[in-house]
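Commentary on secondary and tertiary structure
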Amino acid sequence: MTLHDPRPAAPTLNSLGFARTAAETRVVVAMSGGVDSSVVAAMLKAEGYDVVGVTLQLYDHGAALKKKGACCAGQDIHDARRVAERIGIPHYVLDYENRFRESVIEEFADAYLAGATPVPCIRCNERVKFRDLLHTARELDADCMATGHYIRRLDGPAGAELHMAADPARDQSYFLFSTTQEQLDFLRFPLGGLASKAETRALAAEYGLVVADKPDSQDICFVPEGNYAAVIEKLRPGAAEPGDIVDLAGNVLGRHRGVIHYTIGQRRGLGIGGLGDPLYVVRLDPDSRHVVVGPREALATRTVPVAEVNWLGGGDFASAGEREITVRIRSTRPPAPAILRPTGPTTATVELAAAEEGVSPGQACVFYEAGSTRVLGGGWITMTESRR
């Protein structure tokens, strides 16, 4: 005899995690004009969702039309519009130029002048795409916002968790560590589980998208040809003042044409050859206009102080206690073992198990759960306390 269970059946969730049909679920897709976000829009439309495409104009459109190889440029806006027309969704272009300049470009210039090596793409995600654009998505009565980032949002025991992408070669978790829990609850990342970029391009071809073979963007959108110094000089005239190249003891070894032309770990282009062992930039001192150089071993450090910590590990960060984690201090390096020690509500010290070279103020230090793909948050590297 089969007994009837009086409890109501659990509601069936759609692919975006909502207990309603796809047609009843509105999704705003942040469309950059590249293949990734275009595929997201197309696949969600094909699944029957109520899709609205939004593209941000982040800087001067006239200049953008002459710029190739960067996201959010004029051609990219045109491509996003063509994709929206192809798949039959409404598409809006929002002028966020002033917000982008105030929230991202100005800080980038100030940080660079202070001797740091900033990562403006993280600030753009944090302050424009996942703050201002997300607010716009809510105003459009969206249930969620989807992007073409390669990262996964998984349901955990305490709610949504951020995890590395299935494809390590495409993982973008380094650039998204500052995503807050509230933002994560609203965001979706449909490409995070794909095995490779080839799978994304195959989907683009299947949907008949004009961007199927479009090259990936390489440059920071407002830094043509990767020439940071030229951008800083334009934003801050007179910033490239010459000064001395000195060794760790303060001895003058030569002259430089401006601190903004150098980065931590740089070896080439110092113009001080013939001194025996190779020398590397180990520190920048904008106040004295000194570029400090030393042997390669002087670049190594195990102690990394971080500030502006965004914590996704649950509970209060300051009382989270010391824990073993893995960290990534550069986007191109795999996570490495470390010990995390909170020193305040949004500050911490990270002790690396093995010394890393070229740890630079202004870069991100991203926290991962040891033995897992889960992103626990991260912070911004400040001046290193010691090198050993």
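As a reminder, the structure under discussion sits directly above these lines.
This is a predicted model, so every value here is computed, not measured.

**Quick word on the nonpolar core**
Counting 50 residues, the largest nonpolar core has Leu58, Phe100, Val128, Met145 and Phe222 as its most contacted members. Setting aside residues up to four positions removed in sequence, Val128 forms contacts with Leu56, Leu58, Tyr96, Phe100, Ser103, Val104, Arg123 and Leu133. With 31 residues, the next largest nonpolar core counts Val27, Leu44, Ile89 and Ala146 among its residues.

**Observations concerning the environment of Asn310**
Mapped onto the secondary structure, Asn310 falls in strand E12 (residues 300-311). On the accessibility criterion, Asn310 (14% relative accessible area) is buried. Once the C-alpha coordinates of Asn310 and Gly48 are considered, the two residues, 262 residues apart in sequence, prove to be 35 Å apart. Not counting residues within four places of it along the chain, the set of residues in contact with Asn310 comprises Phe177, Ser178, Thr179, Thr180, Leu376, Gly377 and Gly378.

**Some thoughts on unusual backbone geometry**
Positioned with a positive phi, Arg289 is a non-glycine residue whose angle comes to about 60 degrees. Within the element layout of this structure, Arg289 appears in the loop between strand E10 (280-285) and strand E11 (290-294). Judged by its relative accessible area of 35%, Arg289 falls in the partly exposed class. In the Ramachandran plot, Glu308 falls in the positive-phi region, its phi being about 50 degrees despite a non-glycine side chain. Within the secondary structure, Glu308 sits in strand E12.

**Details of helix H1 (residues 35-46)**
Its twelve residues place the ends of H1 16 Å apart at the C-alpha level, agreeing with the 16 Å of an ideal helix rising 1.5 Å per residue. The buried fraction of H1 amounts to ten of the twelve residues, a majority that puts the element mostly inside the structure. For H1, the complete set of buried residues consists of Val35, Asp36, Ser37, Ser38, Val39, Val40, Ala41, Ala42, Met43 and Leu44. Residues of H1 that are buried sit in contact with strand E1 (26-30), strand E2 (50-57), helix H3 (74-87), strand E4 (144-146) and helix H8 (197-206).

**Some points on empty space enclosed by the protein**
Regions of empty space are outlined by a rolling probe, equal in size to a water molecule, passed over the atoms. Summed over the entire model, instances satisfying the criterion amount to one cavity of 30 Å³ or more. The volume enclosed by the largest cavity comes to roughly 30 Å³. Lining the largest cavity, in full, are Tyr112, Gly115, Ala116, Thr117, Val259, Ile260, Tyr262 and Leu284. Class assignment for the residues of the lining of the largest cavity results in six nonpolar, two polar and no charged.

Rules behind the numbers
- Residues numbered from 1 in each chain as written.
- Predicted model: local features only at pLDDT ≥ 70, side-chain atom pairs only at ≥ 80, totals over all residues.
- Heavy atoms only, no water.
- Core = buried A, V, L, I, M, F, W, Y, C linked by side-chain atoms within 4.5 Å.
- Buried < 20%, exposed > 50% of the residue type's maximum accessible area, 1.4 Å probe, protein only.
- Contact = heavy atoms within 4.5 Å.
- Helix = DSSP H or I, 4+ residues; strand = E, 2+ residues; numbered from the N terminus.
- Expected span 1.5 Å × (residues − 1).
- 1 Å grid on protein atoms, 1.4 Å probe; cavity = no way out; pocket = protein on both sides within 12 Å on 5 of 7 lines; lining within 4 Å.
- Points joined across faces, edges and corners; volume = space filled by probe spheres on them.
- Nonpolar A, V, L, I, M, F, W, Y, C, P; charged D, E, K, R; others polar.

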